[in-house]
Amino acid sequence: MMKEHSCAREDAVKLLAVENVAEHWQNSLFLVLKYHLGSGWFKLRIERHDGEPIIREWRLFQSIKNQLLGSECEALELYPAESRKVDSANMYHLYGVADPKVTFRFGMTPTDIGGKVIDVSHGRSKPASYK
């Protein structure tokens, strides 16, 4: 932990304590830690077991969000100010609310283009396939 996070022993102990209270979810490729942040907010920390970067297909993160927060719940990925950036490992973080009544006042809907409902079932996008 000290080597992975380039930190002192006491900081590593604090990190371990935080990780021990998180829910751990995994499959053959990924580990996801689900942290309760309070007031219904959660953080999902997503990483590969081998530490390599994740090829960014949004459907993959959408699927993880659906499974761990709910399909009608919303989550965000934050791109912070440079002064707050932490980029020491290939970890990805989603912040969301596990309450489908809470929605963000921005984002797209299927009716955003031309004011009519769009049939998205036959789009050019392909389902996520991760190898």
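Below is a short write-up of the structure.

Cut-offs and rules
Residues numbered from 1 in each chain as written. Predicted model: local features only at pLDDT ≥ 70, side-chain atom pairs only at ≥ 80, totals over all residues. Heavy atoms only, no water. Helix = DSSP H or I, 4+ residues; strand = E, 2+ residues; numbered from the N terminus. Buried < 20%, exposed > 50% of the residue type's maximum accessible area, 1.4 Å probe, protein only. Contact = heavy atoms within 4.5 Å. Areas by Shrake-Rupley, 256 points an atom, 1.4 Å probe, with all protein chains shown as cover. Pairing = 2+ DSSP bridges. Axes fitted to C-alpha atoms, helices over the stretch in contact; angles between N-to-C directions. Core = buried A, V, L, I, M, F, W, Y, C linked by side-chain atoms within 4.5 Å.

Quick look at the overall build of the chain now. Regarding its fold elements, the chain presents three helices and five strands. Element order for the chain, N to C, with α for helix and β for strand: α-α-β-β-β-α-β-β. The proportion of buried residues among the 131 residues of the chain is 25%. Across the chain, the fraction of contacts at a sequence separation of at least 24, relative to all contacts at a separation of at least 6, is 47%. Of the accessible surface of the chain, which amounts to about 9900 Å², a share of 55% is contributed by carbon and sulfur atoms.

On to the sheet that holds strand 5 (residues 91–97), then. If you trace the five strands from one edge of the open sheet to the other, you get 1-2-3-5-4, paired in antiparallel fashion. Sheet topology places strand 1 (23–26) and strand 4 (75–76) at the edges, where each strand pairs with a single neighbour. Here strand 4 pairs with strand 5 via two bridges, running antiparallel. Its bridge partner lying in strand 5, Ala75 is registered against Gly96. Helix 3 (residues 58–68) contacts strand 1, strand 2 (30–38), strand 3 (41–48), strand 4 and strand 5 of the sheet and is inclined by roughly 135° relative to strand 3.

Below, the discussion takes up the nonpolar core. One broad rule of soluble globular proteins: the nonpolar side chains tend to lie buried together. Formed by 14 residues in total, the largest nonpolar core has its most connected members in Val32, Leu44, Ile46, Ile54, Leu60, Phe61 and Ile64. Within the residue set of this core, elements represented by two or more residues are strand 2, strand 3, helix 3 and strand 5. Element by element, the count of residues in this core is highest for helix 3, at four residues. Excluding residues within four positions of it along the chain, Phe61 makes contact with Ile46, Ile54, Arg56, Glu77, Tyr92 and Leu94.

Turning to the pairing of strand 5, a few remarks are in order. Most of strand 5 is tucked away, with five of its seven residues classed as buried. Pairing of strand 3 with strand 5 involves seven bridges; the strand directions are antiparallel. Paired with Lys43 across the strands is Tyr95, a residue of strand 5.

None of the figures reported here should be taken as evidence of function without further support.
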